[in-house]
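Remarks on the overall topology
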Amino acid sequence: MKPSVVLYKSLPDDLRQRLDQHFSVTEISGLTPENIAKYADVLQSAEGILGSGGKVDGEFLAKAPKLRAASTVSVGYDNFDVDALNQRGVVLMHTPTVLTETVADTMMALVLASARRVVDVAERVKAGEWQSSVGPDWFGIDVHHKKLGILGMGRIGLALAQRAHFGFSMPILYNARKHHEEAEQRFDAQYCDLDTLLKESDFLCISLPLTEQTHHLIGREQLAKMKPSAILINAGRGPVVDEQALIAALKDGTIYAAGLDVFEQEPLPASSPLLKLPNVVALPHIGSATHETRYGMAKDAVDNLIAALTGKVEKNCVNPQLLK
Ligand SMILES: NC(=O)C1=CN([C@@H]2O[C@H](COP(=O)(O)OP(=O)(O)OC[C@H]3O[C@@H](n4cnc5c(N)ncnc54)[C@H](OP(=O)(O)O)[C@@H]3O)[C@@H](O)[C@H]2O)C=CC1
Ligand SMILES: O=CC(=O)O
């Protein structure tokens with residue numbers, strides 16, 4: 001009998017067929033509390049789950065006693081309680097690498113859009129405000145040759161550094177838990193402590209995972225250390241930045257602007273003050289959202305689950321110690 005799997009994200013037809021070849025699949029619309037209650041029987045017998053979003057913690061695992069592997073269609077896995085998975089011996093698979101370049105493109109797009117006010121100015125053109133040659137109230141600030149600070153020099157940070165260094169002649173500063181030789185050698189990136197990164201960066205680009213250590217790492221105190229001309233870009237996870245402190249800093253001129261792909265609450269409520277600020281570019285968490293990359297992530301997630309449930313994992317495992 002094929003192992004039972006709960007799929008909580010739609011897949012392209014060919015990938016769904018591949019999953020069906022290996023498993024008995026039940027598709028649900030998401031890991032919402034309602035679905036977890038409604039599909040209690042299916043979860044009781046599920047050996048694998050595949051999807052994105054939704055909380056997978058001890059409480060969820062108690063409802064899925066046969067679970068052996070979870071495959072998330074994302075690189076970030078902050079919605080999983082990894083300690084609880086480890087205790088239960090559930091292997092967690094994710095999709096790093098396949099999305100790295102696309103997310104770095106999104107970050108560079110946010111850098112450019114925020115500095116050159118692309119969204120704000122384009123909206124004014126559409127509103128018919130372009131009546132004569134534009135003056136300083138339409139101008140932005142330069143990107144090339146400015147200092148780019150990267151907070152989190154992992155896969156995505158490195159790909160961003162490559163773009164900024166070769167494409168825009170930007171000096172790179174960075175902070176991470178350790179030094180990254182590749183970034184220093186290839187892109188002349190300089191390691192610094194967080195305070196120096198805040199004080200010296202013209203662009204502070206956050207590509208950090210959400211962990212206990214990074215939650216609200218950037219708050220009022222840290223924003224106050226930034227230049228009034230600085231722009232904050234966040235494509236890591238929303239709660240890395242204290243959003244109320246950010247809103248205050250954008251309103252009172254502590255910093256110049258922000259380009260955000262991630263938020264403390266997603267989808268961002270229509271009532272969010274961020275949406276009223278002209279110096280904010282807000283994207284709907286589309287860091288990896290191109291047709292090619294989303295297909296690649298889904299493919300990796302399917303392959304990851306097949307590997308995990310057939311005991312052939314070679315990569316993309318968050319808790320490989322369970323495989324020994
Ligand atoms: N907006 C979007 O659509 C997307 C968002 N993401 C987010 O981006 C994150 C990063 O992805 P990726 O680059 O692949 O991950 P990596 O694991 O390759 O990089 C993470 C980096 O963060 C650093 N880091 C972790 N904790 C700390 C800390 N406490 N202080 C300083 N640095 C820290 C790591 O430091 P060190 O190198 O020293 O270990 C590493 O350099 C994901 O976890 C996800 O949350 C990812 C994809 C798409
Ligand atoms: O936010 C997206 C991810 O892949 O992580």
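Remember, predicted model here, so these are calculated numbers, not experimental data.

Now for the packing of helix α1 (residues 13-22) against helix α13 (residues 291-309). In the contact formed by α1 and α13, the axes pass within 10 Å of each other and the chain directions differ by 5°. In terms of their interaxial angle, α1 and α13 are classed as roughly parallel. Of α13, the residues touching α1 (which contributes Asp-14, Leu-15, Arg-18, Leu-19 and His-22) are Tyr-295, Ala-298, Lys-299, Val-302, Asp-303, Leu-305 and Ile-306. Residue composition of the contact of α1 with α13, grouped by class: 7 nonpolar, 1 polar and 4 charged.

On to the nonpolar core, then. If you look at the biggest cluster of nonpolar residues, it comprises 56 residues, and the most contacted ones within it are Leu-19, Leu-50, Leu-148, Met-153 and Phe-203. Among the elements that make up this core, the one with the highest residue count is α13 (9 residues). Counting residues in each nonpolar core, the second largest holds 29 residues, with Leu-223, Val-241, Leu-260 and Leu-277 among its members.

This next bit is on the sheet that holds strand β2 (residues 24-27). Overall, parallel pairing links the 5 strands, which are arranged β2-β1-β3-β4-β5 in an open sheet. The strands lining the two open edges of the sheet, one partner per strand, are β2 and β5 (91-93). Looking at each pair of strands side by side, their axes are set apart by 15° on average, direction ignored. Where strand β3 (residues 48-51) lies against strand β4 (residues 69-72), 4 bridges are found, and the strand directions are parallel. Across the sheet, the residue bridging to Ile-49 is Ala-70, located in β4. Contacts from α1 reach β1 (4-7), β2 and β3 within the one sheet, and its direction differs from that of β2 by about 130°. The strands touched by α13 within the sheet are β1, β3, β4 and β5, with β4 carrying the most contacts at an inclination of about 170°.

The next thing to look at is the UniProt feature "domain: D-isomer specific 2-hydroxyacid dehydrogenase NAD-binding" (unreviewed entry) in the protein chain. In the numbering adopted here, UniProt assigns the feature "domain: D-isomer specific 2-hydroxyacid dehydrogenase NAD-binding" (unreviewed entry) to residues 108-287. Annotation note: span residues 108-287, helix share 33%, strand share 14%, distance between end C-alpha atoms 11 Å.

Here we take up the packing of helix α6 (residues 100-115) against helix α8 (residues 155-168). Packing of α6 against α8 leaves a shortest axis separation of 8 Å and a crossing angle of 55°. Relative to α8, the element α6 lies oblique. Crossing of α6 against α8: the hand is right-handed. Between α6 and α8, the contacting residues are Thr-100, Glu-101, Val-103, Ala-104, Asp-105, Met-107, Met-108 and Leu-112 on the first element and Arg-155, Ile-156, Ala-159, Leu-160, Gln-162, Arg-163, Ala-164 and Phe-168 on the second. Residues that form the contact of α6 with α8 fall into these classes: 10 nonpolar, 2 polar and 4 charged.

Let us now look at the site of ligand 2. Around ligand 2 lies a shell formed by Ser-74, Val-75, Gly-76, Leu-99, Arg-237 and His-285. Here an oxygen atom of ligand 2 sits 2.8 Å away from a polar atom, N or O, in the main chain of Gly-76. For ligand 2, an oxygen atom lies 2.8 Å from a polar atom in the side chain of Arg-237. Against a free-state accessible area of 190 Å², the protein chains account for coverage of 83% of ligand 2. Among the residues making up the shell around ligand 2, the classes are represented as 2 nonpolar, 3 polar and 1 charged.

This paragraph deals with the environment of Thr-32. Within the element layout of this structure, Thr-32 appears in the loop between β2 and α2 (33-38). Exposure remark for Thr-32: the relative accessible area of 31% places this residue in the partly exposed category. As for Thr-32 and Gly-53, which are separated by 21 residues in sequence, their C-alpha atoms are 9.2 Å apart.

Rules used in this analysis
- Residues numbered from 1 in each chain as written.
- Chains lettered and ligands numbered in written order.
- Predicted model: local features only at pLDDT ≥ 70, side-chain atom pairs only at ≥ 80, totals over all residues.
- Heavy atoms only, no water.
- Axes fitted to C-alpha atoms, helices over the stretch in contact; angles between N-to-C directions.
- Helix = DSSP H or I, 4+ residues; strand = E, 2+ residues; numbered from the N terminus.
- Parallel < 35°, antiparallel > 145°, perpendicular 65-115°, else oblique.
- Contact = heavy atoms within 4.5 Å.
- Nonpolar A, V, L, I, M, F, W, Y, C, P; charged D, E, K, R; others polar.
- Core = buried A, V, L, I, M, F, W, Y, C linked by side-chain atoms within 4.5 Å.
- Buried < 20%, exposed > 50% of the residue type's maximum accessible area, 1.4 Å probe, protein only.
- Pairing = 2+ DSSP bridges.
- UniProt positions renumbered as here; feature names shortened; annotations may be inferred.
- Left-handed = near helix turned anticlockwise from the far one by under 90°.
- Near = heavy atom within 4 Å.
- Polar contact = N/O pair within 3.5 Å; in protein donor to acceptor, adjacent residues only side chain to side chain.
- Areas by Shrake-Rupley, 256 points an atom, 1.4 Å probe, with all protein chains shown as cover.

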